[in-house]
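The primary structure of each chain is shown beneath.
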Amino acid sequence: MSGREVLRSFLFDEGKELKNIKFFPGTGRGITQDQMAFEAAKALKKAFSNGLIDSPPETGVDKINLA
Amino acid sequence: MPKRLLEKLKAVESLPIEITELRDHIIEIGVQDRIIICIEDMDPRILRGMLYQYSHRPILYGEIEQVSLIVVSEHMSPEWKRLVCAKEMVHILDGPSEQTNTPEDVMGLIEKLLGPLSTEDVSHTDYMALVDRIALYKGLALLFPDRARDWALTELSAGRKEIGDIASVVKIPEEFVSDVLDEAWPDMMKAFFEINSRADA
């Protein structure tokens, strides 16, 4: 299957209703649509298989007051 | 950008603004039940991050849950991870005409994001790609809002801080600090924030 077909299958065949999807493309040049679609599908599948572990980036620094 | 979120950020009193704070603000607005942020092994040369918004019924015959899943590459600096998160959070508030949710739209968006901008194509797909690019500006505005910008300009004029110091406090990639501090930035943001978003946010 092409990367686009893998992503399409994940988004539309797995029992969830897609409301919105957006991408932040990578820095590489000459990235193909199939490459990006495959990377997206792979990352989503990994996130789900890992149990959707919520891990937002935190700075861990003390805040500076703007006053 | 929804007015309620902007109002919350106008009142910011300290930096850096944490991603969890932004998330809490969005959830308080009430447009999303859950926002999950996962850091995954994603090649940042191919894809730095993404937003996947879906609805599902976690319990049979139970209520439908609206979920926003943001996936970010683990192979980036902390500042870039923050920026990607903020940019994708902007999309949580996309209006109906900005949302990408059909097979044709998804593949069309990928094509447009990777291809050169056309000056002759005014399709819905082009609009979604344009909105996607503008979201980066809005994401920067979430992490570096007006009050923080004013503080940064004051510090720079007084010679107390340099650009690198500002980036270190705001916790965004340094290459964007000068752009946000540019005198054109407020007018740009005013124009961008008028672009369609959910009316109830």
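Starting afresh in each chain, residues are numbered from 1 along the sequence in its written order. Here chains are named by letter from A upward and ligands by number from 1 upward, in the order in which they appear as written. Reporting of local features is limited, given that this is a predicted model, to residues whose pLDDT is at least 70; pairs of side-chain atoms are given and counted only at 80 or more, and all residues count toward the totals for whole chains, interfaces and linings. Side-chain numbers here rest on the full set of heavy atoms in the structure, without hydrogens or water.

Bringing the pairing of strand 4 (residues 65-73) of chain B into the picture now. As a general feature of sheets, a regular strand has side chains that alternate between the two faces. Residue and element names in this part refer to chain B. Judged by how many residues are buried, strand 4 sits mostly within the fold: eight of nine residues are covered. Note: two strands are recorded as paired if DSSP finds a minimum of 2 bridges between them. Only DSSP runs of H or I reaching four residues or more are called helices, and only runs of E reaching two or more are called strands; each is numbered from the N terminus. Alignment of strand 2 (residues 34-40) against strand 4, held across seven bridges, turns out to be parallel. Bridge assignment links Ile-39 to a residue of strand 4, and that residue is Val-72. In this sheet, strand 4 lies alongside strand 3 (residues 47-56) in antiparallel orientation, the contact comprising eight bridges. By the bridge assignment, Gln-53 is partnered in strand 4 with Ser-68. Relative accessibility under 20% of the residue-type maximum defines a buried residue, over 50% an exposed one, and the middle range a partly exposed one, all with a 1.4 Å probe and only protein chains included.

This brings us to helix 1 (residues 3-12) of chain A. Taken as a whole, helix 1 of chain A has its buried residues at Gly3(A), Val6(A), Leu7(A), Phe10(A) and Leu11(A). Buried residues in helix 1 of chain A, looked at end-on, bunch into an arc of 125°, giving them a common side. Considering only its buried residues, helix 1 of chain A is in contact with strand 1 (17-25) and helix 2 (33-49) of chain A together with strand 3 and helix 4 (103-114) of chain B. This arc corresponds to the set of directions leading from the helix axis out to the C-beta atoms. We call two residues contacting when some pair of their heavy atoms lies within 4.5 Å.

This next bit is on the confidence of the model for chain A. For chain A, mean pLDDT is 93; residues scoring 70 or higher make up 99% of the total. Confidence of the prediction at every residue is given by pLDDT, a number between 0 and 100. For chain A, per-element mean pLDDT is lowest for strand 2 (residues 64-65) of chain A, which scores 92, and highest for helix 2 of chain A, which scores 96.

Turning next to the packing of aromatic side chains. To pair, rings of Phe, Tyr and Trp, with the six-membered ring standing in for Trp, must have centres within 6.5 Å; the planes then decide the type, stacked if under 30 degrees apart, edge-to-face if over 60, and tilted in the middle. Going through the model one piece at a time under the given rule, you end up with nine aromatic pairs over all chains. Linked through ring pairs, Phe10(A), Phe48(A), Tyr52(B) and Tyr54(B) together constitute an aromatic cluster. A ring is considered to have a charge above it if a Lys NZ or an Arg CZ atom is located within 6 Å of its centre and within 35 degrees of its normal. Here the basic side chain of Lys16(A) rests over the ring of Phe48(A), its NZ or CZ set 4.5 Å away from the ring centre. The ring of Tyr54(B) is capped by Lys16(A), whose NZ or CZ atom sits 5.8 Å from the centre of that ring.

It is worth spelling out the interface of chain B and chain A at this point. Contacts between chain B and chain A engage 67 residues on the former and 50 residues on the latter. Using a 1.4 Å probe, buried area is obtained as the accessible area two parts lose upon being combined, added over both of them. Contact with chain A buries surface across chain B, with Ile46(B), Tyr52(B) and Met107(B) losing the most and accounting together for 13% of the total. What makes a salt bridge here is a side-chain nitrogen of Lys or Arg within 4 Å of a carboxyl oxygen of Asp or Glu, nothing more. Taken together, the links from chain B to chain A amount to two salt bridges. In this structure, Arg23(B) engages Asp54(A) in a salt bridge whose closest nitrogen and oxygen atoms are separated by 2.7 Å. Per element, the largest residue contribution to the side of chain B that touches chain A is ten residues, and it comes from strand 3 of chain B. Each residue gets one label: Ala, Val, Leu, Ile, Met, Phe, Trp, Tyr, Cys and Pro are nonpolar, Asp, Glu, Lys and Arg are charged, and the others, such as Gly, are polar. Residues of the side of chain B that touches chain A, tallied by class, amount to 35 nonpolar, twelve polar and 20 charged.

Attention now moves to the layout of surface pockets. Regions of empty space are outlined by a rolling probe, equal in size to a water molecule, passed over the atoms. In this structure, the second largest pocket encloses a volume near 220 Å³. Only protein atoms enter the calculation, which uses a 1 Å grid: trapped sets of points that fit a 1.4 Å probe without letting it out are cavities, open sets showing protein on both sides within 12 Å along at least five of seven lines are pockets, and any residue with an atom within 4 Å of a point is a lining residue. As for the second largest pocket, its lining consists of Phe23(A), Phe24(A), Pro25(A), Gly26(A), Arg48(B), Trp80(B), Lys87(B), Leu113(B), Asp132(B), Arg133(B) and Leu136(B). Every element with two or more residues in the lining of the second largest pocket is listed here: strand 1 of chain A together with helix 3 (78-92) and helix 5 (124-143) of chain B. By residue class, the composition of the lining of the second largest pocket is six nonpolar, one polar and four charged. Grid points are joined across faces, edges and corners, and a volume is the space filled by probe spheres set on the points.

So, on to the sheet that holds strand 2 of chain B. With mixed pairing, four strands are arranged side by side in an open sheet as 1(A)-3(B)-4(B)-2(B). The open sheet has two free edges, formed respectively by strand 1 of chain A together with strand 2 of chain B, since each of these has just one partner strand. Each strand axis lies, on average, 15° off the axis of its neighbour in the sheet, ignoring direction. Running at roughly 145° to strand 1 of chain A, helix 1 of chain A makes contact with strand 1 of chain A together with strand 3 of chain B of the sheet. Axis lines are fitted to C-alpha atoms, over the contacting stretch for helices. Their N-to-C directions set the angle, which ranges from 0 to 180 degrees.

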